[in-house]
Amino acid sequence: MILILNPDTAPDSPDFLQLTAYLAKLPGISYRVHQEHGAQQTLTEIYLIGDTASLSSETVESLPCVERMVRVSEEYRVLGRHKDDDRPTHFDYNGVRFGQDTLNVFAGLCAVDTPEHVEAMMRALRDHGQVCTRMGAYKPRTSPYAFQGHGKACLPYVFELAGKYGIKVIAMEVTHESHVDEINEALRQTGKPTGVMLQIGTRNTQNFELLKIVGRQREFPVLIKRGFGITLDESLNAAEYLASEGNSRVVFGLRGMKTNMGDPHRNLVDFAHVPVVRRLTRMPVCIDPSHSVGTRNRAPDGILEIMHATAQGVIAGANMILVDFHPAPEKALVDGPQALLMKELPQFLEDVRIAREAYEKRAALAAAV
Ligand code: PEP
Ligand code: MN
């Protein structure tokens with residue numbers, strides 16, 4: 001059960017103390033307080049865990065500070081959609097809104113290699129009105145001998161260039177707790193010119209200790225990728241780990257499943273699950289067409305297969321696109337063969353706009369019948 005408190009309830013107010021004293025005495029029930037500090041107000045939710053079936057809504061809603069309650073099913077308690085659940089399906093970070101009603105494009109480098117490539121990418125994004133990007137500094141690689149990313153060495157110039165070109169959010173994978181500290185430190189040293197969305201990669205979707213650590217920090221929102229060899233339910237539970245530790249600013253990413261049934265794509269594209277994740281949870285849903293398709297093959301209609309897959313996700317209501325671009329893919333240190341070219345950026349963005357418009361028309365049509 002979730003108690004939604006009146007906005008701006010102060011944790012040291014007599015009413016709040018009276019409420020928590022009451023909750024502490026309930027037999028077989030424990031509680032946890034979650035606070036979300038928004039630009040306008042602070043929202044407080046209290047999660048009651050245990051034998052809550054015997055608590056009536058009248059009793060609970062008459063308690064001090066309580067605005068209303070939501071009874072949750074066992075599944076995805078914090079991030080899920082429950083009966084009569086009108087909790088928000090969006091969050092704001094560094095001036096950018098991420099929600100089930102918005103669409104943000106994160107075009108960028110799979111792996112940071114040189115400051116020149118980072119700058120060329122960010123300049124192109126700025127020139128096309130984009131405020132988000134992807135920049136990999138810590139790369140989990142199949143081979144221990146492959147390039148592992150520049151790590152913390154590249155962070156200062158990546159952040160400074162982001163500030164220079166008006167980039168507000170950079171998606172960046174972390175594979176270890178120390179990476180979060182390094183990102184925090186580099187942002188501090190450079191005067192916070194940009195924001196970061198921490199990415200949990202598909203290989204770490206069930207790295208529960210990493211999830212707990214990333215869930216405990218409140219500085220950065222998180223993009224968690226679906227695990228490439230586990231069920232959707234298992235991946236959604238992984239996302240719930242982040243929220244259960246306190247960070248519910250979570251985006252869920254579809255990136256294809258590892259199976260030969262997807263050949264000749266790198267992974268079996270799973271974007272038909274975009275509406276499913278939106279139905280089961282309140283998370284914005286990201287698609288990663290680059291790691292799903294994995295090649296620059298072009299269909300007979302002249303459209304790259306990566307763009308076809310992107311359009312399929314967007315027309316189904318995707319809220320974020322993570323896509324690899326590179327100014328010189330032949331020189332890229334990671335995933336060059338799937339990177340789109342700088343000159344393809346305007347076409348990509350226009351193709352996305354067309355697909356989004358089609359989605360909005362489809363949603364309006366459904367709402368009208
Ligand atoms: C990536 O986005 O760079 C990446 C490694 O993705 P995934 O975890 O989906 O393989
Ligand atoms: Mn990659």
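Asks: Which residues make up the overall build of the protein, and what values go with them?
Replies: Check the secondary structure of the protein and you find eleven helices and 15 strands. Relative to the compact-globule value of 21 Å for 369 residues, the protein shows a C-alpha radius of gyration of 21 Å, a close match. Across its three principal axes, the protein shows a C-alpha extent of roughly 65 × 55 × 35 Å. The buried share of the protein, taken over its 369 residues, is 53%. Partitioning the contacts of the protein with sequence separation of at least 6, the portion at a separation of at least 24 is 71%. When the accessible surface of the protein is totalled, it reaches about 16200 Å², and 53% of it is carbon and sulfur. Placing the 40 positive and 45 negative side-chain charges of the protein at their respective mean positions leaves the two points 3 Å apart.

Asks: Talk me through the coordination of the manganese ion (ligand 2); I want residue IDs and the actual numbers.
Replies: When a metal holds four donors in a tetrahedron, each ideal angle between them is 109.5 degrees; when it holds six in an octahedron, the ideal angles are 90 or 180 degrees. Within the protein, the atoms that donate to the manganese ion (ligand 2) are C110 (SG), H291 (NE2) and D335 (OD), at distances of 2.0 to 2.3 Å. Read in sequence order, the donor residues for the manganese ion (ligand 2) give the motif C-x180-H-x43-D. Linking C110 in the loop between β7 (104–108) and α3 (115–127) with D335 in the loop between β14 (320–326) and β15 (340–341), this pair joins segments that are 225 residues apart in sequence. Comparing C110 with D335, the two get one shared label, buried.

Asks: Got a sec to walk through the site of ligand 1? Specific residues and values, please.
Replies: Around ligand 1 lies a shell formed by C110, R134, K139, E173, Q199, G201, T202, R203, K225, R255, D288 and H291. Between an oxygen atom of ligand 1 and a main-chain N or O atom of T202, the distance comes to 2.8 Å. For ligand 1, whose accessible area on its own is 290 Å², the fraction buried by protein is 97%. With respect to the pocket detection grid, ligand 1 is positioned in the second largest pocket. Its residues placed into classes, the shell around ligand 1 shows one nonpolar, four polar and seven charged.

Asks: Describe the domain arrangement of the protein, listing the residues and the values that go with them.
Replies: Per the domain assignment, the segments of the protein are domain 1 (2–71) and domain 2 (92–368). Just the C-alpha atoms count here: the centres of domain 1 and domain 2 sit 35 Å apart. Of the roughly 390 Å² buried between domain 1 and domain 2, counting both surfaces, carbon and sulfur atoms make up 22%. On the domain 1 side of the contact with domain 2, R32, H34 and E36 bury the most area, a combined 83% of that side's loss. If you look at where domain 1 meets domain 2, you find one salt bridge. For the salt bridge of E245 with R32, the shortest nitrogen-to-oxygen distance reads 3.9 Å. Here domain 1 and domain 2 share three residue pairs in polar contact (both at pLDDT 80 or more) between them.

Thresholds, definitions, all that
- Residues numbered from 1 in each chain as written.
- Chains lettered and ligands numbered in written order.
- Predicted model: local features only at pLDDT ≥ 70, side-chain atom pairs only at ≥ 80, totals over all residues.
- Heavy atoms only, no water.
- Helix = DSSP H or I, 4+ residues; strand = E, 2+ residues; numbered from the N terminus.
- Rg over C-alpha atoms; globule rule 2.2 N^0.38 Å.
- Buried < 20%, exposed > 50% of the residue type's maximum accessible area, 1.4 Å probe, protein only.
- Contact = heavy atoms within 4.5 Å.
- Areas by Shrake-Rupley, 256 points an atom, 1.4 Å probe, with all protein chains shown as cover.
- Lys, Arg positive; Asp, Glu negative; His and termini not counted.
- Charge placed at Lys NZ, Arg CZ, Asp CG, Glu CD.
- Donors = N, O, S within 2.8 Å, 3.2 Å for Na, K, Ca; no water.
- Near = heavy atom within 4 Å.
- Polar contact = N/O pair within 3.5 Å; in protein donor to acceptor, adjacent residues only side chain to side chain.
- 1 Å grid on protein atoms, 1.4 Å probe; cavity = no way out; pocket = protein on both sides within 12 Å on 5 of 7 lines; lining within 4 Å.
- Sits in = over half its atoms within 2 Å of the grid points.
- Nonpolar A, V, L, I, M, F, W, Y, C, P; charged D, E, K, R; others polar.
- Domains from an automatic or database assignment.
- Buried area = accessible area lost by both parts, 1.4 Å probe.
- Salt bridge = Lys/Arg side-chain N within 4 Å of Asp/Glu carboxyl O.

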